[in-house]
Amino acid sequence: HPELELNARADFAPLCDMLVFMESLCGPYPFPTERYGHVGIVWGGAMEHQTCTSIGNFALTGDSRFSPLILHELAHQWFGDLLTPAEWSDIWLNEGFATYSEALWLEETQGREAYLAKMRHIGPGLHADLFTGDGILTDPDPILPNTLVYHKGAWVLHMLRGAVGDAAFFRFMHDYATDPTRAYGHVTTQDVINAASVAAGFDVTSLLRPWLDTNAAPRLSWSVASAPLSDGRTRHTLTLRQDQATLFDLVLPVRLTTTTRSHDKRIRLDTRSAEFHWDLWESLKGVQLDPDGWLLLADGEIPPPAVTLSPPRPNPAGADGTTLSFVLARAGPVRITLHDARGHELGTWDQGDLPAGETPHTWIWLGNDGRGHPLASGVYWLAVHADGRRASRKVILTR
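Note that residues are indexed from 1 along each chain, following the sequence as it is written. Local features in this predicted model are restricted to residues of pLDDT 70 or higher, and side-chain atom pairs are both shown and tallied only at a pLDDT of 80 or more, whereas totals for entire chains, interfaces and linings draw on every residue. For the side-chain quantities, the full set of heavy atoms in the structure was used; hydrogens and water were omitted.

**Student:** Looking at this model, I keep getting lost on the overall build of the chain. Mind explaining?
**Tutor:** In terms of regular secondary structure, the chain is built from nine helices and 19 strands. For this measure, only C-alpha atoms enter the radius of gyration; the expected value for a globule follows 2.2 Å times N^0.38, where N is the number of residues. For the chain, whose C-alpha radius of gyration is 24 Å, the value lies close to the compact-globule estimate of 21 Å for 399 residues. In terms of overall dimensions, the chain has C-alpha extents of about 80 × 60 × 40 Å along its principal axes. For the chain, the residues scored as buried account for 49% of the 399 residues in total. Put simply, 63% of the contacts in the chain that link residues at least 6 apart link residues at least 24 apart. When charges are tallied, Lys and Arg are placed among the positive residues and Asp and Glu among the negative ones, while His and the ends of the chain are skipped. For charged residues, the charge sits on one atom: NZ in Lys, CZ in Arg, CG in Asp, CD in Glu. Taking the average place of the 32 positive charges on the side chains of the chain and the average place of its 47 negative ones, the gap between the two points comes to 4 Å. Under the DSSP-based scheme used, a helix requires at least four consecutive residues in state H or I and a strand at least two consecutive residues in state E, with every element numbered from the N terminus. With a 1.4 Å probe rolled over the protein chains alone, any residue whose accessible area is under 20% of its type maximum counts as buried; one over 50% counts as exposed, and the rest are partly exposed. Residue contacts are counted whenever heavy atoms from the two residues lie within 4.5 Å of one another.

And the structure:
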């Protein structure tokens, strides 16, 4: 189609600049003896095949609206093709790094505010529950249509950058991608933690593990008290408490606004509660926690997920099947889907309109596909879809 060729030429015009940018972050293009190309496909998606990305014809619009997708797939030449996840639990190393590279390209081409706006959009903007209903990053369900490994994966890197600072973070990005002991091989989440710790100069395990291994998000309660000092200054005391069950190690930006200017501080809250003191000459007008959005930090109560899904019981499931129990935040139509370990949908069951409330709904899966055929022993995922969201649980079937 001649019109697609013209559109493609316009859409791919920034590709060389994107390549230079990715090389500045992650070292030389990993496959220098081969060209990098794209092939248009009818399917509505894209795939980062080594040196030749497949991209849906839908994205060839001629107006660059899908430039983030082009950058995303290019980033996979490093994060996925050069550095391949060792296990399913490491899949966020593919999609999180590629999605975060999109945000870094926006920062490079449009500035810091565009970068922060992108992160707000794929964080609290699209996930008001701060991913608390989306599962565990290091134990995800099949990727599509879920966005956990994309969006929360990118946010883990964003929060790491906020905690260690730009110099250490970009040193980590470069060293992780160019380490010859990892190149053209397999990488794990622990490799990322190790590389980030070396770049930061301290062990970042406690900073990252709660985000990686739980679906919790920090919820803080806080207060400010002020008391005059003998030298004419005022001591302002910020008292912080983590109210959620999972304890986080947080590097928290704080902005103190006085009658004359703003003071930006960074504090570390790695205990259940702590006090922080600042002695200032000026009167304090206000305090903001994380004003620019560097943390998935709840502002008050975290809204409940659209679907709260309990673990299937029993699990493993045998001849009598297993029971799903779920609660809805809002009434509406519900359907249940089944996927295998490859991400293939094996069945869907419409449940009709169900009410919201604290009383759980239950549904029994008997180990069959959507046509009633019994399935082989293996690992499967059952997902409950409601209100535009879904919750998924892994179940092991034994015959």
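**Student:** Would you mind going over the sheet that holds strand β3 (residues 52-56) with me for this structure?
**Tutor:** Remark on secondary structure: sheet strands pair via backbone hydrogen bonds, oriented parallel or antiparallel. If you trace the three strands from one edge of the open sheet to the other, you get β1-β3-β2, paired in mixed fashion. The sheet is open, and its two edges are formed by β1 (37-41) and β2 (46-47), each paired on a single side. Two strands form a pair only when DSSP identifies at least two bridges running between them.

**Student:** How do you make sense of the packing of helix α4 (residues 92-110) against helix α6 (residues 148-164) when you look at a structure like this?
**Tutor:** If you want to describe how two helices pack, look at the angle between their axes and the distance between the axes. Axis lines are fitted through C-alpha atoms, for helices just across the contact stretch, and the angle between N-to-C directions can take any value from 0 to 180 degrees. The N-to-C vectors of α4 and α6 enclose an angle of 65°; their axes lie 7 Å apart at closest approach. Considering the relative orientation of α4 and α6, their crossing is right-handed. The residues of α6 that touch α4, namely those facing W92, E95, G96, F97, T99, Y100, L104 and E107, are V149, Y150, H151, G153, A154, V156, L157, H158 and R161. By convention the crossing between two helices is left-handed if the near helix lies anticlockwise of the far one by an angle smaller than a right angle, and right-handed if it lies clockwise.

**Student:** How should the nonpolar core be read in this particular structure?
**Tutor:** In globular proteins that are soluble, nonpolar side chains generally tend to be buried together. Core analysis: the biggest nonpolar cluster contains 92 residues, and M22, F79, W92, F97, F172 and Y176 have the highest contact counts within it. The element that contributes the greatest number of residues to this core is α6, accounting for 11 residues. Here, the term nonpolar core denotes a set of buried Ala, Val, Leu, Ile, Met, Phe, Trp, Tyr and Cys residues that are joined through side-chain atoms within 4.5 Å. Among the nonpolar cores identified, the runner-up in size contains 22 residues, and W363, W365, L382 and V395 belong to it.

**Student:** Quick question: what am I supposed to make of the environment of M173 here?
**Tutor:** Structurally, M173 can be placed in helix α7 (residues 166-178). Each C-alpha atom, one on M173 and one on Y36, is 22 Å from the other, the two residues being 137 residues apart in sequence. The residues touching M173, leaving out its near neighbours within four places in the chain, are L25, C26, F79, F97 and L104.

By themselves, these figures tell us nothing about what the structure is for.
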